[in-house]
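A closer look at the structure
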Amino acid sequence: MKKIVITGGAGFIGSHVVRLFVKKYPEYQIFNLDALTYAGNLENITDIENEPNYTFVKGDIVDAAFIDALFAEHQFDGVLHLAAESHVDRSITDPLSFVKTNVIGTMNLLNAAKTIWKDDMEGKRFYHISTDEVYGSLGAEGLFTETTAYDPNSPYSASKASSDHFVRAYGETYGLPYVLTNCSNNYGPFHFPEKLIPLFINNIIQNKPLPVYGNGKYTRDWLFVEDHAVAIDLVFHEGVNHDTYNIGGFNEWQNIDLVKLLCKIMDEKLGREAGTSEQLISYVKDRPGHDLRYAIDANKINKELGWKPSVTFEEGLEKTVNWYLDNQTWLNNITSGEYATYYEKQYAN
Ligand code: NAD
Ligand code: TYD
């Protein structure tokens, strides 16, 4: 049996990846390694928690001794590394925690994998899941390709860029077998409600203001999270060793247009008069260092591995809205806890 450890499997994207792997590969033994920070939530994966090929391990990737012992004990064949501090706004107020988890945590996993695989790298694979934000900001034209130079602007993207470089360096220096992907903005069920789409869905439900940063003319390329999980499965199994792939939705939206579309869907779903939710839009102070535009050229993964998104944005957004409306207990369990305190502090002024 193949032993695979997925880090960050109680988070947003990680929970979808864990679910897919546990269900699709009963022959694999899947370990979900997660520290359960504010962003980790075991409620994201209750449907697979009792599966015989699934084990949850609570632990911090920053703790090198713990990681070394875990890898020594289980002799994993594969690592899918998703654990991270992931929110740009938090990286602006607390950059050091991003260095700890995203850089040092990744280093600890690389070192542990290198140690247990040193005598036989055959069939082993370290998969580092990263972001398109490492490329910095685009102007009005162009797309990020796999050869775009790294130019990170936020402490979050700088920490992810650093970890990407260490993964490549371990491949070159020690021959560590790895693959790496850089993906655009994800959305979908189980997305923590501090990110744009779930935050705004929650605020619309509660009739709270929708804080649009700056003039709202920032552009992101949105991908439905289940399509990302499918791409991750494909790259893990079929991606070329030491190669990188960009993953994106071919789906650019200016924030303000996306927010207006979301308001329209929410009005329909909640039976509110058209235009009601748009009145909640409130332009607020811009994010410092706010990247103007991200957009991915996903042609390489499309041509080489045959991947493309399966849902349109309209379909994905409707699925997402339906999920949040059907799962308000999940939402309330989060917003009534520690996150509510953080959120109130952030927007107190
Ligand atoms: P998330 O914040 O929802 O989840 C992160 C998970 O990692 C949580 O379960 C958390 O408990 C865990 N974690 C955090 N610190 C840890 C530590 N020190 N030790 C062990 N576990 C820890 O993040 P996400 O949005 O699911 O992102 C997952 C990965 O995908 C990240 O590496 C992120 O950089 C990357 N990514 C995200 C997006 C996106 O749009 N969300 C896009 C591209 C790439
Ligand atoms: P976010 O979901 O934080 O993802 P990222 O910063 O990684 O792209 O933000 C998406 C876009 O939405 C980004 O341009 C910032 C903007 N935004 C707002 O305008 N208001 C908000 O409250 C949030 C959280 C984000």
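For the structure, check the block above.
A brief look at the structure comes next.

What counts and what doesn't
- Residues numbered from 1 in each chain as written.
- Chains lettered and ligands numbered in written order.
- Predicted model: local features only at pLDDT ≥ 70, side-chain atom pairs only at ≥ 80, totals over all residues.
- Heavy atoms only, no water.
- Helix = DSSP H or I, 4+ residues; strand = E, 2+ residues; numbered from the N terminus.
- Rg over C-alpha atoms; globule rule 2.2 N^0.38 Å.
- Buried < 20%, exposed > 50% of the residue type's maximum accessible area, 1.4 Å probe, protein only.
- Contact = heavy atoms within 4.5 Å.
- 1 Å grid on protein atoms, 1.4 Å probe; cavity = no way out; pocket = protein on both sides within 12 Å on 5 of 7 lines; lining within 4 Å.
- Points joined across faces, edges and corners; volume = space filled by probe spheres on them.
- Nonpolar A, V, L, I, M, F, W, Y, C, P; charged D, E, K, R; others polar.
- Near = heavy atom within 4 Å.
- Polar contact = N/O pair within 3.5 Å; in protein donor to acceptor, adjacent residues only side chain to side chain.
- Axes fitted to C-alpha atoms, helices over the stretch in contact; angles between N-to-C directions.
- Left-handed = near helix turned anticlockwise from the far one by under 90°.

1. Thoughts on the overall build of the chain
When helices and strands are counted, the chain shows 12 helices and 12 strands. The C-alpha atoms of the chain give a radius of gyration of 20 Å, which matches the 20 Å a tight globule of 349 residues would have. Its C-alpha atoms put the chain at 65 × 45 × 40 Å along the principal axes. Within the span of the chain, comprising 349 residues, buried residues form 58% of the whole. At a minimum sequence separation of 6, the contacts of the chain that also span at least 24 residues come to 83%.

2. Some remarks on empty space enclosed by the protein
The full count for this structure, using the stated rule, is 2 cavities of 30 Å³ or more. Lining the second largest cavity, in full, are V88, E133, S154, R287, P288, G289, H290, D291 and Y294. Taken together, the residues of the lining of the second largest cavity break down into 3 nonpolar, 3 polar and 3 charged.

3. A closer look at the site of ligand 2
If you check the shell around ligand 2, you find 19 residues, and the closest are E133, P211, R220, R287 and H290. The separation between an oxygen atom of ligand 2 and a polar side-chain atom of N255 is 2.9 Å. Residues of the shell around ligand 2, tallied by class, amount to 10 nonpolar, 4 polar and 5 charged.

4. Description of the environment of L110
By secondary structure assignment, the location of L110 is in helix 4 (residues 95-117). Judged by relative accessible area, L110 falls into the buried class, the value being 0%. When the C-alpha atoms of L110 and D326 are compared, they prove to be 40 Å apart, with 216 residues separating the residues in sequence. Discounting residues that sit within four places of it in the chain, L110 has contacts with F126, F166, V167, Y170 and L176.

5. Here's the deal with the site of ligand 1
Close to ligand 1 lie 29 residues; I13, D34, S86, Y156 and K160 are nearest. L82 places a main-chain nitrogen or oxygen 3.0 Å from an oxygen atom of ligand 1. T101 places a side-chain nitrogen or oxygen 3.1 Å from a nitrogen atom of ligand 1. Looking at the shell around ligand 1, the element that brings in the most residues is strand 5 (residues 125-131), giving 3 residues. For the shell around ligand 1, the residue count by class is 14 nonpolar, 12 polar and 3 charged.

6. Considering the packing of helix 2 (residues 64-74) against helix 4
One can describe the packing of helix 2 onto helix 4 by two numbers: an axis separation of 9 Å at closest approach and a directional angle of 35°. The chirality of how helix 2 crosses helix 4 is right-handed. Along its contact with helix 2, which presents A64, I67, D68, F71 and A72, the element helix 4 presents N108, L109, A112, A113 and I116. For the contact of helix 2 with helix 4, a count of residues per class yields 8 nonpolar, 1 polar and 1 charged.

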